[in-house]
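# Architecture at a glance
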Amino acid sequence: ISRELNAGRGQAVIEEHQRDQQRHAAARVAQRGMHREHLRARAALERARVQEPANVTVWAWLAMLYVFEFAHGLNPLPDPVPRSLATARRAVELDPANSTARLALAASYFFAKQFAEFRVEAERAIELNPTLVAAYFNRGNALKDLGRFSAAVENYDRAISLKPDYAEAYSNRGAVLVELKQY
């Protein structure tokens, strides 16, 4: 910074630094908001699970919330991955043909590093609902993390074809294409 200040760019550097500080402050506020929203959602879904113990949707989304809790470090309680696995398994027990339950189980297996089981459940979710955008997106993320970049791009492409305004899928696809050096 001091080199740029000495080069006559002082005001521009200060303004850019202030913009950076504002962006960081906004990100911190957003993160605090995410933590509050996560706490509210977890409490609501855990209440709903007790009130409606046969509701597969409640179990599936609670499992996904536990995965999100682990993946993003949001208000983690002990053992979020085992909790997610147990909750997703219960959702599948309630309705083996529910694609959201299968998707939750796939995500849980992924974060438990049980990749063979992840692949089976991701495929089942897609077989049950070939238009389940999140299944293609999640499978793309897993394939990316496993270094299978071309297959990841195919899954992001499928997610985008089903939901053309899926910004996160475009972003992840772009990151993978950079890895592949396909600009």
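Scroll up for the structure.
Residues numbered from 1 in each chain as written. Predicted model: local features only at pLDDT ≥ 70, side-chain atom pairs only at ≥ 80, totals over all residues. Heavy atoms only, no water.

As a further point, take the layout of surface pockets. Looking at the largest pocket, its volume works out to about 650 Å³. Lining the largest pocket are 22 residues, with His72, Phe111, Phe137, Asn138 and Asn141 sitting closest to its centre. Contributing elements (two or more residues each) for the lining of the largest pocket: α2 (56–72), α4 (99–111), α6 (133–145) and α8 (167–179). The residue inventory of the lining of the largest pocket, partitioned by class, reads 15 nonpolar, four polar and three charged. (1 Å grid on protein atoms, 1.4 Å probe; cavity = no way out; pocket = protein on both sides within 12 Å on 5 of 7 lines; lining within 4 Å. Points joined across faces, edges and corners; volume = space filled by probe spheres on them. Helix = DSSP H or I, 4+ residues; strand = E, 2+ residues; numbered from the N terminus. Nonpolar A, V, L, I, M, F, W, Y, C, P; charged D, E, K, R; others polar.)

Right, let's talk about the pattern of salt bridges for a bit. Across all of its chains, the model carries nine salt bridges by this definition. In this structure, Arg90 and Glu93 form a salt bridge, with 3.3 Å as the shortest nitrogen-oxygen distance. Of the two residues, Arg90 and Glu93 both sit in helix α3 (residues 80–94), three residues apart, roughly one turn of that helix. Judged by relative accessible area, which is 30%, Arg90 ranks as partly exposed. For Glu93, a relative accessible area of 57% translates into the label exposed. Across the pair Arg124 and Glu121 runs a salt bridge, and its minimum N-O distance is 2.7 Å. Of the two residues, Arg124 and Glu121 are both situated in helix α5 (residues 115–128); the distance of three residues between them amounts to about one turn of the helix. Exposure remark for Arg124: the relative accessible area of 35% places this residue in the partly exposed category. (Salt bridge = Lys/Arg side-chain N within 4 Å of Asp/Glu carboxyl O. Buried < 20%, exposed > 50% of the residue type's maximum accessible area, 1.4 Å probe, protein only.)

This brings us to helix α7 (residues 149–162). Structural remark: α-helix, 3.6 residues per turn; residues separated by three or four positions point the same way. Compared with the 20 Å implied by 1.5 Å per residue over 14 residues, the 20 Å span of α7 between its first and last C-alpha is a close match. What α7 keeps buried is the set Ala151, Ala152, Val153, Asn155, Tyr156, Ala159 and Ile160. (Expected span 1.5 Å × (residues − 1).)

This part covers unusual backbone geometry. Look at Asp79: it is not a glycine, yet its phi comes out positive at around 55°. For Asp79, the location among the structural elements is in the loop between α2 and α3. You will see that Lys113, though not glycine, has its phi angle at about 60°, which is positive. Tracing the chain through its elements places Lys113 in the loop between α4 and α5.

With that settled, consider the environment of Ala41. Following the sequence through the fold, Ala41 ends up in helix α1 (residues 2–51). Residue class for Ala41 comes out partly exposed when judged on its relative accessible area of 28%. Residues Ala41 and Leu62 lie 21 residues apart in sequence; the distance between their C-alpha atoms is 8.6 Å.

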